[in-house]
Amino acid sequence: MTRPQQPEALLVLQDGTVFKGFALGKIGTAGGEICFNTGMTGYQEIYTDPSYFGQVIVNTTSHIGNYGIQLGAEEESAGVKIRGMVCNFFSPTYSRHLADGSLQQYFEQANIVGIHGIDTRQLVRYIRDKGVMNCIISSVILDPEVLFAELSNVPDMEGLELSSEVSTQATYELGEQDSRFRVAVLDLGVKKSIIQSLADRGAYCKVFPAKTSFADLHAFNPDGFFISNGPGDPAAMPYAVETVKQALDTEKPLFGICLGHQILSLASGIGTYKMHNGHRGLNHPVKNLITGLCEVTSQNHGFAVKGDEVMDHANVEVTHINLNDQTIEGIRRKDKPAFSVQYHPEASPGPHDSRYLFDDFIKLMQ
Ligand SMILES: N[C@@H](CCC(=O)O)C(=O)O
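Just so you know, these numbers come straight off a predicted model, no measurement behind them.

## A few points about the overall build of the protein chain
Part 1 of the reasoning: Along the protein chain, the regular secondary structure elements total eleven helices and 19 strands.
Part 2 of the reasoning: Taken against the 2.2 N^0.38 rule, which gives 21 Å for 366 residues, the C-alpha radius of gyration of the protein chain at 20 Å falls within 12% of a compact globule.
Part 3 of the reasoning: Counting only residues that meet the buried cut, the protein chain has 60% of its 366 residues in that class.
Part 4 of the reasoning: If you take every contact in the protein chain between residues at least 6 apart in sequence, the share linking residues at least 24 apart comes to 74%.
Part 5 of the reasoning: Here the protein chain displays about 15,100 Å² of accessible surface, and carbon together with sulfur accounts for 49% of that area.

What follows is the structure in structure tokens.
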């Protein structure tokens, strides 16, 4: 049996390096920041995580698509958020009785352009050494020079505010209305499983658009504030920093995850920076400095908070560090009931070692 001819595709990096492969998903052209995720599973949760908005994801696990997709259950938001996808082996067919369809159809419907047949080991080693950069994929422009010229239209992630593009437009509520705790969730690109993790612990959550004023959050009369994950550069979000500063003044508990951690840091006077390469995967070792225990964590971030500025801060203490590169993974305020982590305790996908952080937030509200 001969295999059907597959359409060709090109991947061009910002420094001009060209990779040749085959088209997947929608036939077209897409550019964004190229990032690699080392997770072995959970591709649909990754593609629908709003924190990946504007990024082209390289999956280092070699088989993608083989278990299909599930609508709802494995979506972290309403639909695909990544800009493009790169993998080694892409399976257009799938095998799982619970699946609702193929990843190929899912990407076609969401207009997601991808490329497969790429030696992702070579690609990842390359971008790991050179550092994060933009890229462009196309299955219609097959001249590398023409494609390279198109790359100049792809914006740099540094300085980019993206939360308002993925945040909810209208408020909504989750959980039981007569719950003991009311949580105001600032949606900077929140993952569904985070709100679910709060609701599962008895919190009645009201989710607000990214640019909601503090006065509107406060009018909900919350027992605590939650500042979500999300895409883009935290330094380009003075509006969220201002909201968090005012929330801190209430002396009510505040918990931030990933982008929310970076915003709490900025609101506390600690700067952020763009990393050489982000952390994206499901097995990043983190040490909890309070308990002395290590947790294996799910991560997705390209920015981080400045370690020296945390260490020198009179009112902020480091609670968690990354055991691979000693970057800051968690902080807490000494003078306020506020804490945050750079990684993703809700996992989805990933290990569940860090779910205790949601319990800690609930305890703080008690
Ligand atoms: N956009 C931020 C935060 C990501 C997140 O919240 O998941 C970063 O890349 O560092």
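Read on, since the account is not over.
## Regarding the packing of aromatic side chains
Part 1 of the reasoning: One pass over the structure, following the stated rule, counts ten aromatic pairs.
Part 2 of the reasoning: When the centroid spacing of 6.1 Å and the interplanar angle of 70° are considered together, the rings of Phe-208 and Phe-220 count as edge-to-face. Of this pair, Phe-208 sits in strand β12 (residues 203–208) while Phe-220 sits in the loop between α7 (214–219) and β13 (224–227), and the two are twelve residues apart along the sequence.
Part 3 of the reasoning: Look at Phe-255 and Phe-358: their rings are 5.8 Å apart centre to centre, the planes differ by 80°, and that puts the pair in the edge-to-face class.

## Quick notes on the site of the ligand
Part 1 of the reasoning: As a matter of local geometry, the ligand sits amid 13 residues, with Ser-51, Gly-230, Gly-232, Gly-302 and Phe-303 nearest to it.
Part 2 of the reasoning: Ser-51 has a polar side-chain atom sitting 2.7 Å from an oxygen atom of the ligand.
Part 3 of the reasoning: In the model, a nitrogen atom of the ligand is placed 2.9 Å from a nitrogen or oxygen of the Gly-232 main chain.
Part 4 of the reasoning: Alone, the ligand offers 300 Å² of accessible surface; in the complex the protein occludes 98% of this.
Part 5 of the reasoning: Listed by contribution, the elements that provide at least two residues to the shell around the ligand are α9 (259–267) and β16 (294–305).
Part 6 of the reasoning: The dominant element in the shell around the ligand, judged by the number of residues it contributes, is β16, at four residues.
Part 7 of the reasoning: Residue composition of the shell around the ligand, grouped by class: four nonpolar, nine polar and no charged.

## Quick word on the UniProt feature "active site" (unreviewed entry) in the protein chain
Part 1 of the reasoning: Here the UniProt feature "active site" (unreviewed entry) sits at Cys-258, His-344 and Glu-346. The greatest C-alpha distance among the residues just named is 11.2 Å, despite their covering 89 residues of sequence, which places them together in space.
Part 2 of the reasoning: Positionally, His-344 belongs in the loop between β19 (338–341) and α11 (356–365).
Part 3 of the reasoning: Other than its neighbours up to four places away in sequence, His-344 contacts Lys-191, Asn-229, Ile-257, Cys-258, Ser-298, Gln-299 and Asn-300.
Part 4 of the reasoning: For Glu-346, a relative accessible area of 4% gives the class buried.
Part 5 of the reasoning: A polar side-chain atom of Glu-346 sits 2.9 Å from a polar atom in the side chain of Lys-191.

## A word on the state of the cysteines
Part 1 of the reasoning: A complete count under the given rule lists zero disulfides for this structure.
Part 2 of the reasoning: For Cys-35, which is in no disulfide, the shortest distance to another cysteine sulfur is to Cys-135 and amounts to 8.7 Å.
Part 3 of the reasoning: Looking at the unpaired Cys-87, the closest cysteine sulfur is the one in Cys-135, lying at 14 Å.

What counts and how
Residues numbered from 1 in each chain as written. Predicted model: local features only at pLDDT ≥ 70, side-chain atom pairs only at ≥ 80, totals over all residues. Heavy atoms only, no water. Helix = DSSP H or I, 4+ residues; strand = E, 2+ residues; numbered from the N terminus. Rg over C-alpha atoms; globule rule 2.2 N^0.38 Å. Buried < 20%, exposed > 50% of the residue type's maximum accessible area, 1.4 Å probe, protein only. Contact = heavy atoms within 4.5 Å. Areas by Shrake-Rupley, 256 points an atom, 1.4 Å probe, with all protein chains shown as cover. Phe/Tyr/Trp six-rings, centres within 6.5 Å; stacked < 30°, edge-to-face > 60°. Near = heavy atom within 4 Å. Polar contact = N/O pair within 3.5 Å; in protein donor to acceptor, adjacent residues only side chain to side chain. Nonpolar A, V, L, I, M, F, W, Y, C, P; charged D, E, K, R; others polar. UniProt positions renumbered as here; feature names shortened; annotations may be inferred. Disulfide = S-S within 2.5 Å.

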